[in-house]
Amino acid sequence: MMHPRLRGAASVVTAICLLGALSTGCSSRSDALTARPMATGHWVIDRRDTFGGSTLDQKLWATCYWWERDGCTNLGNQEAQWYDPGQVHTSDGQLHLVAAPEPSKHLGRSFSYRSGMVSTGRIGNGPDDAARYAFTYGYVEARFRTPSGQGLWPAIWMLPVTN
């Protein structure tokens, strides 16, 4: 469970499952999430997704970084995986971000792995392209399971909103 406090700058949530050595997946089961105050005062659940449907809510989640829609990566990080929207699915109240050792070529580069990611960030670089969800103060609670194995790097990142 993660409870980072955010002060000052709005953030978006990006969850990814990275893979370096194993073919597997990571999942998030949100049906047990409940509001828990981190400090005194009144806390209100502002956004919640139970992943109860058969498809991901595209109004709430993007499956790539904002500069691409049909697959993406962060070349600035020299990432070895290509984030593929086909590696993201929901079932039985769970979000599945699947990582697999499947080589591919994109953007003139070779990638050794395919992985799923979701983000509440925007798609597009236009001035009217707002984040799907952003907040300034509060906390994020998530529960997820990953199989053990070398090279796995599940992550939840708090990224600034820049528009």
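This text goes with the structure placed above it.
The rules behind each value
For every chain, the first residue of its written sequence is number 1, and the numbers climb from 1 along that sequence. Where local features are concerned, this predicted model is filtered to residues with pLDDT of at least 70; where side-chain atom pairs are given and counted, the filter is 80 or more; whole-chain, interface and lining totals use all residues. Excluding hydrogens and water, the side-chain figures rest on all heavy atoms present in the structure. Segments assigned H or I by DSSP are reported as helices when at least four residues long, segments assigned E as strands when at least two residues long, and all are numbered from the N terminus. Only protein chains enter the area calculation, which uses a 1.4 Å probe; residues under 20% of their type maximum are buried, those over 50% are exposed, and those in between are partly exposed. Contacts were defined at the residue level, with two residues in contact if any of their heavy atoms lie within 4.5 Å. Methods summary: accessible areas were calculated by the Shrake-Rupley approach with a probe of 1.4 Å, and residue burial reflects only the protein chains presented. The term salt bridge refers to a pairing of a side-chain nitrogen on Lys or Arg with a carboxyl oxygen on Asp or Glu at a separation within 4 Å. Only Phe, Tyr and Trp rings are paired, with Trp represented by its six-membered ring, and only when their centres lie within 6.5 Å; those with planes under 30 degrees apart are stacked, over 60 edge-to-face, the remainder tilted. Pairing between strands requires that DSSP locate at least two bridges from one strand to the other.

**Student:** Looking at this structure, I do not really get the overall build of the protein chain. What am I missing?
**Tutor:** Within the protein chain, the secondary structure is distributed over zero helices and 11 strands. Starting at the N terminus and walking to the C terminus, you meet the elements of the protein chain as β-β-β-β-β-β-β-β-β-β-β. In the protein chain, buried positions account for 41% of the 163 residues. Within the protein chain, counting contacts between residues at least 6 apart in sequence, those at least 24 apart form 72% of the total. Surface accessibility of the protein chain: about 9,000 Å² in total, with carbon and sulfur atoms responsible for 51%.

**Student:** Help me out: how do you make sense of the pattern of salt bridges in this one?
**Tutor:** Oppositely charged side chains are able to pair whenever their charged atoms sit close together. Throughout the structure, instances matching the rule amount to three salt bridges. As a salt-bridge pair, D84 and R114 come within 2.5 Å of each other at their nearest N and O atoms. Of the two residues, D84 is situated in the loop between β3 (81-83) and β4 (88-91) and R114 in strand β8 (residues 113-115); the sequence distance between them amounts to 30 residues. Salt-bridge contacts for E141 lead to R143; the nearest nitrogen and oxygen are separated by 3.8 Å. Given the relative accessible area of 24%, R143 is considered partly exposed.

**Student:** Honestly, the packing of aromatic side chains in this entry has me stumped. Any pointers?
**Tutor:** The description of an aromatic ring pair uses the distance of the two centres, along with the angle that the planes make with each other. All chains considered together, the criterion is met by seven aromatic pairs. Both rings, one in Y65 and one in W66, keep their centres 6.4 Å apart while their planes meet at 80 degrees; by these two values the pair is edge-to-face. Between the aromatic rings of Y65 and W67, the centroid separation amounts to 4.7 Å while the plane-to-plane angle is 15 degrees, which identifies the pairing as stacked. Residue Y65 is classed as buried on the basis of its relative accessible area of 5%. Judged by relative accessible area, which is 35%, W67 ranks as partly exposed. Pairwise contacts between aromatic rings join Y65, W66, W67 and Y83 into one cluster.

**Student:** Help me understand the pairing of strand β5 (residues 94-99), please; the structure alone is not making it clear to me.
**Tutor:** Taken residue by residue, a regular strand's side chains alternate between the two faces of the sheet. Here β5 lies mainly inside the structure; five of its six residues are buried. Examined bridge by bridge, β4 and β5 share four bridges and lie antiparallel to one another. Paired with V88 across the strands is L97, a residue of β5. Where β4 folds back on β5, the antiparallel hairpin that results is connected by two residues, among which D92 adopts a positive phi of roughly 50 degrees.

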